[in-house]
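Coordinate analysis (summary)
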Amino acid sequence: MKIIKASAPGKVFFTGEHAVVHDKLGLATAIGLRTSCEIKEIGTDTPLLKNIGPMIRLREVELNQIFEAVEKAVEEKNFLVFKEMLANDKNVCVKYLIGYMMNKHRINFDSVQIINSSELRKGMSGSASIFSSVVHALSEYYGVNLGKKEISDIAYRGDIIAHGGTPSGIDNSTTTFGGYVKFRKSVGVKQLDIRNKYHIVIGDTLKPASTAEMVTLVREKVNANDKAVLSALSSIDSISQEAVDILKLGDLKTLGKLMDNNQEQLRILGVSSSELENLISVAKRAGALGAKLSGGGGGGCMVALCEDAMDQKKVAEAIKAAGGEPFITDIGAEGVRIEANE
Ligand code: PMV
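Remember, it's a predicted structure, so these values are computed and weren't measured experimentally.

Re the overall build of the protein
Assigned secondary structure in the protein consists of eleven helices and twelve strands. A compact globule built from 342 residues would reach a C-alpha radius of gyration of about 20 Å, and the protein, at 20 Å, matches this within 12%. Taking the principal axes of the C-alpha coordinates as reference, the protein spans close to 55 × 45 × 35 Å. Per-residue burial for the protein yields a buried fraction of 57% across its 342 residues. Here the analysis covers contacts within the protein between residues at least 6 apart in sequence; of these, 76% occur between residues at least 24 apart. As presented, the protein carries roughly 14200 Å² of accessible surface, and 49% of it is formed by carbon and sulfur atoms. Taken as two groups, the 42 positive and 42 negative side-chain charges of the protein have centres that lie 2 Å from each other.

Here we look at the state of the cysteines
Covalent bonding between the sulfur atoms of two cysteines is what defines a disulfide. Per the stated rule, a full pass over the model turns up zero disulfides. Between Cys93, a free cysteine, and Cys37, which holds the nearest cysteine sulfur, the sulfur-to-sulfur gap is 14 Å. Assessed through its relative accessible area of 5%, Cys93 is described here as buried. For Cys306, which is in no disulfide, the shortest distance to another cysteine sulfur is to Cys301 and amounts to 15 Å.

Points about the site of the ligand
Taken together, 18 residues sit near the ligand, with His18, Ser125, Ser168, Thr211 and Gly296 positioned nearest. Contacts to the ligand include Thr211, whose side-chain N or O atom sits 2.8 Å from an oxygen atom. Going through the elements one at a time, β1 (3–15), α6 (170–177) and α7 (211–223) are the ones with two or more residues in the shell around the ligand. Looking at the shell around the ligand, its residues break down into seven nonpolar, eight polar and three charged. Inspection of the shell around the ligand shows a minimum of three residues originating in each of domain 1 (3–194) and domain 2 (198–331).

Focus on the domain arrangement of the protein
Interface size, as often reported, equals the accessible area lost upon joining of the parts. Taken as a whole, the protein is organised into domain 1 (3–194) and domain 2 (198–331). Each of domain 1 and domain 2 has a C-alpha centre, and the two are 24 Å apart. The interface of domain 1 with domain 2 comprises 33 residues on the first partner and 43 residues on the second. Of the roughly 3300 Å² buried where domain 1 meets domain 2, counting both sides, 67% is carbon and sulfur surface. It is Phe14, His18 and Lys122 in domain 1 that bury the most area against domain 2; as a group they hold 22% of the surface buried on that side. Between the two partners, domain 1 and domain 2, sit four salt bridges. Here Arg121 and Asp204 are joined by a salt bridge, their closest N and O atoms 2.7 Å apart. Between the two partners, domain 1 and domain 2, sit 17 residue pairs in polar contact (both at pLDDT 80 or more). Residue assignment for the side of domain 1 that touches domain 2 shows that the elements contributing at least two residues are β1, β2 (26–41) and β6 (180–184). If you tally residues by element for the side of domain 1 that touches domain 2, the top one is β2, at seven residues. Looking at side-chain class alone, the side of domain 1 that touches domain 2 contains 16 nonpolar, eleven polar and six charged residues.

A closer look at the layout of surface pockets
Empty space within the second largest pocket amounts to approximately 190 Å³. Residue lining of the second largest pocket: 13 residues in total, with Asp153, Gly169, Ser173, Phe183 and Gly188 positioned closest to the centre. Counting residues per element, the ones that place at least two in the lining of the second largest pocket are α5 (148–162), α6 and β7 (188–192). No other element matches α5, which puts four residues into the lining of the second largest pocket. Its residues placed into classes, the lining of the second largest pocket shows four nonpolar, six polar and three charged.

Quick notes on the sheet that holds strand β9 (residues 290–294)
A sheet is described by the order of its strands in space; here four strands give the open sequence β9-β10-β8-β11, paired in antiparallel fashion. Because the sheet does not close on itself, it has two edges, and the strands there are β9 and β11 (325–328). Adjacent strand axes in the sheet meet at a mean angle of 25° when their direction is disregarded. Pairing geometry for β9 and strand β10 (residues 301–306), over five bridges, is antiparallel. Along β10, the bridge assignment pairs Ser294 with Cys301. Strand contacts of helix α9 (residues 252–269): β9 and β10, with the helix running at about 45° to β9, the strand carrying the most contacts.

A word on the pairing of β1
Most of β1 sits out of view: twelve of its 13 residues are buried. With eleven bridges joining them, β1 and β2 adopt antiparallel strand pairing. Along β2, the bridge assignment pairs Ile4 with Ile39. Taken together, the four bridges between β1 and strand β12 (residues 337–341) define a ladder with antiparallel strand orientation. Bridge assignment links Ile4 to a residue of β12, and that residue is Asn341.

Cut-offs used in this document
- Residues numbered from 1 in each chain as written.
- Predicted model: local features only at pLDDT ≥ 70, side-chain atom pairs only at ≥ 80, totals over all residues.
- Heavy atoms only, no water.
- Helix = DSSP H or I, 4+ residues; strand = E, 2+ residues; numbered from the N terminus.
- Rg over C-alpha atoms; globule rule 2.2 N^0.38 Å.
- Buried < 20%, exposed > 50% of the residue type's maximum accessible area, 1.4 Å probe, protein only.
- Contact = heavy atoms within 4.5 Å.
- Areas by Shrake-Rupley, 256 points an atom, 1.4 Å probe, with all protein chains shown as cover.
- Lys, Arg positive; Asp, Glu negative; His and termini not counted.
- Charge placed at Lys NZ, Arg CZ, Asp CG, Glu CD.
- Disulfide = S-S within 2.5 Å.
- Near = heavy atom within 4 Å.
- Polar contact = N/O pair within 3.5 Å; in protein donor to acceptor, adjacent residues only side chain to side chain.
- Nonpolar A, V, L, I, M, F, W, Y, C, P; charged D, E, K, R; others polar.
- Domains from an automatic or database assignment.
- Buried area = accessible area lost by both parts, 1.4 Å probe.
- Salt bridge = Lys/Arg side-chain N within 4 Å of Asp/Glu carboxyl O.
- 1 Å grid on protein atoms, 1.4 Å probe; cavity = no way out; pocket = protein on both sides within 12 Å on 5 of 7 lines; lining within 4 Å.
- Points joined across faces, edges and corners; volume = space filled by probe spheres on them.
- Pairing = 2+ DSSP bridges.
- Axes fitted to C-alpha atoms, helices over the stretch in contact; angles between N-to-C directions.

Dropping the structure here:
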């Protein structure tokens with residue numbers, strides 16, 4: 001019985017979430033927490049999927065229908081369709097990606113069981129990470145031989161649904177390529193050679209949030225020519241440009257300040273929340289050099305930069321005492337990879 005397992009990292013932003021959707025610079029890193037996709041040959045001819053919720057049967061007709069509906073909506077830029085699709089079926093993105101692989105890469109999809117799992121929380125790019133894992137596992141299982149650029153581009157298509165139409169592309173790029181990345185939509189991704197060791201703590205507010213809703217909120221303000229929002233986006237671009245140089249230099253204090261400045265701009269965009277603010281201020285009081293929300297915001301996760309492992313522990317304890325869930329994890333982690341091929 002053939003088994004393939006792929007895994008991909010989550011990510012956090014040093015700077016640039018939301019701004020990257022509007023062609024500003026973003027700076028992110030892959031983290032030590034991962035998702036995985038295991039594809040196993042089974043004795044029946046009904047393919048099975050365990051993604052969100054219980055194990056379900058997959059039907060080829062449905063996968064083709066989803067594939068066609070998404071392709072049409074993407075072409076027509078009919079973003080509202082994605083919201084409805086997600087509301088009706090939490091597994092629609094993964095079903096679409098399987099449909100995509102069937103249609104574009106001629107995978108003969110049958111007699112397999114796909115089991116996805118995740119260590120990631122809201123705000124750690126869980127969706128892009130799962131998509132990178134699924135696409136890599138499918139391509140390996142069916143011998144399609146996709147390179148990282150292709151895996152990232154296909155994972156991006158999953159995020160078109162998950163992010164309500166206009167993902168920047170930084171999530172799929174970071175979860176696929178891994179490491180430290182700088183990203184601008186019109187330029188693409190560039191991996192950075194970072195040698196310094198950084199200590200961060202991620203704090204989960206445990207408040208659910210929708211990236212698609214937050215992205216839509218900011219997009220509508222941009223479309224309405226909201227001056228404060230446009231100026232905040234430009235400031236984030238400058239902050240990210242400085243942060244890239246500072247990250248290379250290893251100047252922790254300045255990097256922390258830049259993260260704080262970035263958080264001020266995110267407040268102006270309207271994507272912070274009282275839960276995020278609470279964890280950000282307890283992290284700062286416990287000694288973090290800088291702290292900000294990470295990802296879509298509205299809830300989900302924040303990230304704090306610490307001087308060393310001792311401060312990291314203090315900040316994690318403070319986040320826990322304030323009702324959040326802290327994660328101490330490596331950064332600069334490896335991108336999507338095959339874990340098992342039997
Ligand atoms: O919430 P996450 O981890 O999926 O991150 C979203 C990042 C945004 O900049 C808000 C959207 C995007 O497509 O870049």
